[in-house]
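# Structural overview for review
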Amino acid sequence: MKLQEAVAPGIRMAKYSAQIAGKSKKAAAGFTRPLLLTPSEDMLGFLSGHLGRAALFLITATSVVAVFLIFYFVIRESAPFFFNKSFPAAMARIKEFFTDSGWYPAATEPRYGGLALIVGSLYVTLGSLILAVPLGLFAAIFLSDIAPFNLRQICKPVIEILAAIPSVAYGFFAVMVFAPWLQKSLGFSTGTNALNASVILAIMALPTIISVSEDAMSAIGRETREASYALGATRAETMVKVVIPAAHSGILAAVILGMMRAMGETMVVWMASGNAGRIPSPWWDLSQSIRTMTATIAGDMGETPKNSEHYYALFTVGLTLLLFTFSLNLVSEYLLGKVMKTSRGGK
Amino acid sequence: MKTVKNHFGVFAAVVLAVMMFVSIATAEEKSAVGLDGSTTVGPIGDAFAEVFMKSHNCSITVKKTGSGDGVAALIDGRCDIAMSSRFLKPEEFKKAVEKGIYPVAHTVAMDGVCIIVHPSNPVKELTGQQVCDIYMGKITNWKDLGGPDMPIVAISRDTSSGTYEVFHEKVLKKQNMAAGVEYVNANPQAYARVKTTPGAIGYVGLGFLDDNVKSLKIDGIMPTKQTIADGTYLVSRPLFLFTNGYPKLGSVIHAFCIFYLTEEGQSIIEAKGFVPMTNY
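Residues numbered from 1 in each chain as written. Chains lettered and ligands numbered in written order. Predicted model: local features only at pLDDT ≥ 70, side-chain atom pairs only at ≥ 80, totals over all residues.

## Digging into the overall build of chain B
Defined as follows: Working definition: helices are DSSP H or I runs of at least four residues, strands are E runs of at least two. Numbering for both runs from the N terminus. Every C-beta atom is placed from the backbone, and the number of other C-beta atoms within 10 Å of a residue's own sets its class: buried at 20 or more, exposed at 12 or fewer, partly exposed in between. A residue pair is marked as a contact if its C-beta atoms, positioned from the backbone, fall within 7 Å.
Each helix and strand counted, chain B has 10 helices and 12 strands in total. Classification of the 280 residues of chain B by burial places 44% in the buried group. Put simply, 71% of the contacts in chain B that link residues at least 6 apart link residues at least 24 apart.

## Remarks on the interface of chain B and chain A
Facing 32 residues of chain B, the contacting portion of chain A comprises 35 residues. Listed by contribution, the elements that provide at least two residues to the side of chain B that touches chain A are α1 (2–26), α3 (67–75), β7 (182–184) and α7 (187–196) of chain B.

## Some details on unusual backbone geometry
S281 of chain A connects to P282 of chain A through a cis peptide bond whose omega is -5°. Among the secondary structure elements, P282 of chain A is positioned in the loop between α12 (267–272) and α13 (293–301). The backbone of D219 of chain B sits at a positive phi, close to 50°, despite the residue not being glycine. Residue D219 of chain B is classed as partly exposed on the basis of its 14 C-beta neighbours within 10 Å.

## Observations regarding helix α6 (residues 162–170) of chain B
Note: α-helices contain 3.6 residues per turn, so residues at a spacing of three or four share the same orientation. Residues and elements named next belong to chain B. Across the nine residues that make up α6, a large majority, seven, are buried. All buried positions along α6 are accounted for by G162, T163, Y164, E165, V166, F167 and H168. On the buried face of α6, the contacting elements are β4 (103–117), β6 (153–157), α7, β8 (200–205) and β11 (236–244).

## Some words on the confidence of the model for chain A
We apply this condition: Confidence of the prediction at every residue is given by pLDDT, a number between 0 and 100.
Here chain A averages 85 in pLDDT, and 87% of its residues register 70 or above. Note on residues 1–11 of chain A: pLDDT under 50 across the span, and zero contacts to partners over four residues away in sequence or across chains.

## So, the pairing of strand β1 (residues 33–37) of chain B
Residues and elements named next belong to chain B. The test is simple: For two strands to be treated as a pair, DSSP must find at least two bridges joining them. Orient the strands so they point away from the viewer, and a crossover whose first-strand-to-second-strand path over the helix runs clockwise is right-handed.
Within β1, four of the five residues are buried, leaving the element largely enclosed by the surrounding structure. Here β1 runs beside strand β2 (residues 60–63); their pairing, made up of four bridges, is parallel. Its bridge partner lying in β2, L35 is registered against V62. Between β1 and its parallel partner β2, the chain crosses via helix α2 (residues 42–55), and the hand of that crossover is right-handed. Where β1 and strand β3 (residues 81–84) come together, three bridges link them in parallel fashion. Its bridge partner lying in β3, D36 is registered against A82.

And the structure:
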C-alpha cells in the first residue's frame, strides 16, 4: 500500500507526459487543458488565487469601512456642538436643538433650533409618500397581475429610467415650470413650497416603490394565485385578499426605500421647497414654504468656517438625518429578509 | 491553465488599479500663485486667473472657501492672495502681524445688490427701513406699501452667499430675517423666482437685472454703476484682494493685483456683474 502511494505521483507524471505527447492530436478535438499542473504552475495558481482574493476582499472592505468612518466622523464633528462646556449646557443645547424652531446660526446671538428642519423633512417625506404609495401600489398590481407580459417588459424598464434622471433636472422643472403653474392655477402666493417638493419627491420615489413591490408581488408565485382561483375567488379578491397580504413585507420595504429616497434627497428640496425655516401653520397648509435638514446642510455648508459652532451644528443636523435614514434602513433590511424567506417557500 | 490565467488577470487588474490610484493621488499640481477666499470675489479671481495663465505662462489656483477662511489661509501662508468681500477684522490683523504677515488691501471692484420685484408690481420705491421690515416679517402685504392687496413673498439668497452677507449687513443691520423668508441658492434662481411670482421681492447683483424684473429705488436712489461705485446707493460694498505686504513690483502677483485697472480687467469685472473701480 505504502509503496503504491509513494509511486503514484510518478505514475501520474508519466500519464501527464503521455498526455502532453498526445496533445497535438487531441487539440483538434478541442481539449488542450492538461489534467495536472506542474508544481510551479500549481504554486502560481495558488498564490495568484489567494492574492486576488485578498485584493478583492480589501476592495469590498473599503466600502464597509467607509460606512463606519462616515459614522465616526459625523459623530466626532457633531460632538463639540453639545459637549463643549458643562453638562447642563450640553443638555440645554440638546433641548434647544429638538424643541426650538429658530435656525439663526449666523446671527450675533446664534440660535440652533432644529425642530423646524426636522419637521420640514418629515413634511416632504410624508407628503411624497401619501402621493407615491397609492400610485406605486396600483402600478405594481397592474404590472404584476394584470398587464400582458409584453407590456410589462416594456413598462418596467421605462419606469426605472425615472430613477436615472438627475435630481437637479427635477429641481429645475420644479422651479421653472411647476412653481409658476401652482401660482397661476391654484392661486398660491408662492410656488416653491411643501406641496411642490412633495410632488417632485413622489415622482422620484415612484420607480423604487413600483419596482420593489412588483418584485414582491411576483415572488408570491403562480401556485398561490391558482389555489385562490380554485377556491372560487375572483381576480380582484385574489389580489386584495391573497397576494397583497402575502407580499406585505415586501411592499412595506418598498415604501421604506422610497421614504429613504425622499428623506435623503437634497437638490430637489433645496430648489423646490422654498427653504423658509418654519413649521407651517395651520399644519395642513402645504402651500407654505418649508426647509429640510438636507437643504440646510447643502445651503449653509459653503461658507461656514471650519470648527466653528455653526459647523458643528450642521454636522449635528447631519447626524440626526443619518440616524433617521439608518433606522429606516434597518427596518427595510428586516422586512426584505422576510420577503426572501417567503419567496423561498419558508415561513 | 485557464483558472490560473483568470486569477492572474484579476490580480493584474487590481495591481494596475491600485497603482493608478496612487499615482493620481500623489501627482500634485505645481502652483505659482494661490488664491483663496470669498465666493463672491471668486468669479473675478477665476476669470483673471484664466487670462493670466495664458499671458504670463504660470499656474494659478483659485480656491473659494469663504472670506474668513481665505484670510486665515493668507495668515498661515497657505495662499499668496486672499480674496475677501469684507475688510479685515481687528483680531485678524493682530493675528497676522504676530505671524509676521502685513496684509495690504487692493480694492478690485464694487459690489451692488439691487432690490427687485415683479414688473406688474406698481411699487417703484422703498426705503431701506421698509425693505428691512419686509424681511423681518413686520410688513407682509403690498397694500401697506401702496401696492395691491397681495401677500409679500420675500426671497433671500442662502446665508452662505456673499450677496446675502452684504444685504444682511446693509439693509437688515445684522438682524435676523423672519422665519417665512424663502431662500434660493443662486442669483439666477432668485431672478427666476421674482420673474414668475407676482407678489415676490428679492435681491440680485447688478449684472442680473433686465426688463423681466423691476429694480426699486432705495431711499430715492436708483442702483446704477455710478451710485454703487460712489457708495450713495445703500447696498454697495468694496471687494478686496489681500496680499502679504505690497507685492514685489513686476512679479506675477503684482501684475495680478493691478489687473483690475486695465481695460480687459474692467470688462471682465463688468461681465461678472460687478462695478469696476473707475470714475464714472
